[in-house]
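The lines below spell out each chain.
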Amino acid sequence: MMRTLVLVAGVALCASQSDAQTKPESSTQVERGRSLFEKSSKGLPCGTCHSLEGIGKAVAPDLRRLGAIATPRDLARAIDMQRTVFVQEVQTSAGKTFPGLQKQIKGDTLYVWDLSVIPPLLRELKTADIVSMRENVKWGHPPASVDYTPQELADIIGFIKAAATGERGEIIPADLK
């Protein structure tokens, strides 16, 4: 009986240690990055248009995919870019022009995120009411206008990488160069 209890306790201890190894604790950097992703005193936070770990609005491309394959340096470049190929200038027959991000097409209806308003608004447009959709030359990726410190940028990227891959390794500013 005693041997059985010791064996069961040993198995339970090994299992709990194994779980601890497969589920790394959230790092301080990840928490700082999560906080900046959700709220930023410097401008629009990433969560205004992106969603990760239940934070934010799923308007823009999925950062989990990008975070899983991109290096920290590549992610820093994506955050700092002024324009993106995904955003187009949408002109309607009613004379309205706005920066838009296409979500989907269903039949003769086009669903486009209107990025001229904060938070972005999902517009439902008949394809016949769209005069043109062309490369956007005015709208700027909001983080590009925010002056994040190198450490803040590393923290945001640490959060993205952790959400995408589960890795909690520290990202340092030198990794972004």
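Please read all numbers here as calculations on a predicted model, not as lab measurements.

Rules of the game
- Residues numbered from 1 in each chain as written.
- Predicted model: local features only at pLDDT ≥ 70, side-chain atom pairs only at ≥ 80, totals over all residues.
- Heavy atoms only, no water.
- Salt bridge = Lys/Arg side-chain N within 4 Å of Asp/Glu carboxyl O.
- Helix = DSSP H or I, 4+ residues; strand = E, 2+ residues; numbered from the N terminus.
- Buried < 20%, exposed > 50% of the residue type's maximum accessible area, 1.4 Å probe, protein only.
- Arc of directions from axis to C-beta.
- Contact = heavy atoms within 4.5 Å.
- Polar contact = N/O pair within 3.5 Å; in protein donor to acceptor, adjacent residues only side chain to side chain.

Asker: Is there a simple way to think about the pattern of salt bridges in this case?
Answerer: A side chain of one charge can pair with a side chain of the opposite charge if their charged atoms are brought near each other. This model, assessed by the stated rule, comprises nine salt bridges. Residue glutamate 152 pairs with lysine 42 through a salt bridge whose shortest N-O separation is 2.6 Å. With glutamate 152 in helix α5 (residues 150–165) and lysine 42 in the loop between α2 (28–38) and β1 (51–52), this residue pair connects regions lying 110 residues apart in the sequence. Here the salt bridges share partners, and the residues they tie into one network are Glu31, Arg34 and Glu53.

Asker: Whenever I open this one, helix α4 (residues 72–80) confuses me. Can you help?
Answerer: In an α-helix, one turn spans 3.6 residues, which is why side chains three or four residues apart end up on the same side. Within the sequence span of α4, burial applies to Pro72, Leu75, Ala76 and Ile79. The arc enclosing the buried residues of α4, seen along the axis, measures out at 100°, which places them on a common side. Residues of α4 that are buried sit in contact with α3 (63–69) and α5.

Asker: So what exactly am I meant to see when it comes to the side chain of aspartate 114 here?
Answerer: Here aspartate 114 lies in strand β5 (residues 109–114). A polar side-chain atom of aspartate 114 sits 2.6 Å from a polar atom in the side chain of serine 116. Each residue touching aspartate 114, except ones within four places of it in the same chain, is listed here: Lys96, Phe98, Pro99, Pro120, Leu121 and Arg123.

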